[in-house]
Amino acid sequence: MLKTVAAVATALFVTASPLAYAQAPSAAPPERLSAADWNKLTDLRIDLVKAALQLTPDQTKYWPPIETAIRARAEYRQARLSQIAETMGKRAGESSADVMGNHDPIAFLNHRADVLAQRSSDLKGLAEAWQPLYQTLSPEQKKRMATLAVLVLHDLSDAVDRRRAQADEDD
């Protein structure tokens, strides 16, 4: 069991870490993943979770709504990141003072609230999709799921810290 969790965690880190570590120099725009790359990454994440859980045949009937919810969140994330990249590209020549001076803070707050509401709704949908399967998981499967979640969250937290440190160095 521990070997399976370790293998899954290692595979997840290997597939996700290039995204976290990929930092282009500030003079060049960062390389963007294609839609095919995003789909491949989503497929890998789904396969890793399924491998870690080692679902029984009875449990697999609960999997399709979870996979649909995971894919929907990944598509929304991809669209959101593409929109951010497009906006950043349009503002590449502007200074921070220009961006802030030409920006409506109320419109920004309303837009941010809409984005957070959408993300909240997607996350609720994912939780609802997981609920029926989670109730059927054995204590061992629940432990593997929790371990995987903690490892993923820890890695994401590290990636955020690295990006903040890089941004501080660039300033």
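Note that the coordinates shown come from a computational prediction; the quantities given were computed from them, not determined experimentally.

## Considering the packing of helix H3 (residues 63–90) against helix H5 (residues 105–136)
And step 1. Running from amino to carboxyl end, H3 crosses H5 at an angle of 160 degrees, the nearest separation of the two axes being 8 Å. Relative to H5, the element H3 is oriented roughly antiparallel. At the point where H3 passes H5, the crossing takes the left-handed sense. Taking contact as the criterion, the partners of Trp63, Pro65, Ile66, Ala69, Ile70, Arg73, Tyr76 and Arg80 in H3 are, on H5, Val115, Gln118, Arg119, Asp122, Leu123, Gly125, Leu126, Ala129, Trp130 and Leu133.

## What about the confidence of the model for the protein?
And step 1. In the predicted model, the protein carries a mean pLDDT of 79, and the fraction of residues at 70 or more is 71%.
And step 2. Helix H1 (residues 2–21) is the least confidently modelled element of the protein, averaging 52 in pLDDT, while H5 averages 92, the highest of any element.
And step 3. In this model, residues 17–29 is a region of pLDDT below 50 whose contacts with residues beyond four sequence positions or in other chains number 14 contacts.

## Observations regarding the packing of aromatic side chains
And step 1. Across all of its chains, the model carries one aromatic pair by this definition.
And step 2. Aromatic pair Trp63 and Trp130: ring centres 5.7 Å apart, planes at 85 degrees, arrangement edge-to-face. Taken together, the residues Trp63 in helix H3 and Trp130 in helix H5 connect sequence positions 67 residues apart.

## Some thoughts on the environment of Ala79
And step 1. Here Ala79 shows up in helix H3.
And step 2. The partly exposed category is assigned to Ala79, whose relative accessible area is 46%.

## Looking at the side chain of Gln141
And step 1. If you trace the backbone, Gln141 turns up in helix H6 (residues 139–170).
And step 2. A distance of 3.2 Å separates a polar atom in the side chain of Gln141 from the backbone oxygen of Gln54.
And step 3. In this view, Gln141 contacts Leu53, Gln54, Leu55, Thr56, Gln59 and Thr136; residues no more than four positions away in its chain are not counted.

## Describing the packing of helix H2 (residues 35–53) against H3
And step 1. Direction vectors running N to C along H2 and H3 enclose 145 degrees, while the axes themselves pass 10 Å from each other. Crossing hand, H2 versus H3: right-handed. Seen from H2, the contacting residues are Ala35, Trp38, Thr42, Asp43, Arg45, Ile46, Val49, Lys50 and Leu53; seen from H3, they are Trp63, Glu67, Ile70, Arg71, Ala74, Arg77, Gln78 and Leu81.
And step 2. Looking at side-chain class alone, the contact of H2 with H3 contains nine nonpolar, two polar and six charged residues.

## Thoughts on the side chain of Arg80
And step 1. Among the structural elements, Arg80 can be located in helix H3.
And step 2. Within the buried core, Arg80 has no salt-bridge partner, and the shortest N-O distance to an opposite charge, that of Asp122, equals 6.5 Å.
And step 3. Aside from chain neighbours lying at most four places away, what touches Arg80 is Val115 and Arg119.

Rules used throughout
Residues numbered from 1 in each chain as written. Predicted model: local features only at pLDDT ≥ 70, side-chain atom pairs only at ≥ 80, totals over all residues. Heavy atoms only, no water. Axes fitted to C-alpha atoms, helices over the stretch in contact; angles between N-to-C directions. Helix = DSSP H or I, 4+ residues; strand = E, 2+ residues; numbered from the N terminus. Parallel < 35°, antiparallel > 145°, perpendicular 65-115°, else oblique. Left-handed = near helix turned anticlockwise from the far one by under 90°. Contact = heavy atoms within 4.5 Å. pLDDT = per-residue confidence, 0-100. Phe/Tyr/Trp six-rings, centres within 6.5 Å; stacked < 30°, edge-to-face > 60°. Buried < 20%, exposed > 50% of the residue type's maximum accessible area, 1.4 Å probe, protein only. Polar contact = N/O pair within 3.5 Å; in protein donor to acceptor, adjacent residues only side chain to side chain. Nonpolar A, V, L, I, M, F, W, Y, C, P; charged D, E, K, R; others polar. Lys, Arg positive; Asp, Glu negative; His and termini not counted. Salt bridge = Lys/Arg side-chain N within 4 Å of Asp/Glu carboxyl O.

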